[in-house]
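Breakdown of the fold
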Amino acid sequence: MLLAGSGKFLQSDMWMGLFAGWGYPAVFAYVIGALEMLGAAAAFIPKFATYGAGVVALIMCGAVFTMVTHGGDPNLPGLNILCFSIIAYVRFGARWTPS
């Protein structure tokens, strides 16, 4: 996800064109890229792993929706949802203590 997020900055013309073609504001590519990088980085920090994984999973839900509604392949975003949801679930379970 760090690479995918940074790609939205390194290949900004391509991503801005894709986002505009999908009906989103072109600058939204930067917002999503930054959130992907923050979420992926946070997933490696135990204190923030649940939140980081949750952010990435939500972004990937949007990616699946976009792929399904615009004829793309939803498999990769779907796999990311699964992986980051598992991380969020495991990390949340590790933090939660019954009262």
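For the structure, see preceding data.
Definitions and cut-offs
Residues numbered from 1 in each chain as written. Predicted model: local features only at pLDDT ≥ 70, side-chain atom pairs only at ≥ 80, totals over all residues. Heavy atoms only, no water. Helix = DSSP H or I, 4+ residues; strand = E, 2+ residues; numbered from the N terminus. Patch = residues over 30% accessible without salt bridge, like charges linked within 9 Å, V, L, I, M, F, W, Y side chains within 5 Å. Areas by Shrake-Rupley, 256 points an atom, 1.4 Å probe, with all protein chains shown as cover. Salt bridge = Lys/Arg side-chain N within 4 Å of Asp/Glu carboxyl O. Axes fitted to C-alpha atoms, helices over the stretch in contact; angles between N-to-C directions. Left-handed = near helix turned anticlockwise from the far one by under 90°. Contact = heavy atoms within 4.5 Å. Nonpolar A, V, L, I, M, F, W, Y, C, P; charged D, E, K, R; others polar.

With respect to the environment of Ala 41
- Mapped onto the fold, Ala 41 is located in helix H3 (residues 28-42).
- Separated by eleven residues in the primary sequence, Ala 41 and Gly 52 place their C-alpha atoms 7.2 Å from one another.

Focus on a nonpolar patch on the surface
- Among the surface-exposed residues, Leu 76, Leu 79, Leu 82, Ile 86, Tyr 89 and Val 90 lie close enough to one another that they form a single nonpolar patch of about 660 Å² accessible area.
- Relative to the helices and strands, Tyr 89 resides in helix H5 (residues 75-95).

Regarding the packing of H3 against helix H4 (residues 49-69)
- Viewed as axis vectors pointing N to C, H3 and H4 meet at an angle of 145°, and their least axial separation amounts to 7 Å. You can see that H3 and H4 cross each other, and the crossing is left-handed. On H4, the residues that touch Ile 32, Leu 35, Glu 36, Gly 39, Ala 40 and Ala 42 of H3 are Ala 49, Gly 52, Ala 53, Val 55, Val 56, Ile 59 and Met 60.
- Split into classes, the residues belonging to the contact of H3 with H4 amount to ten nonpolar, two polar and one charged.

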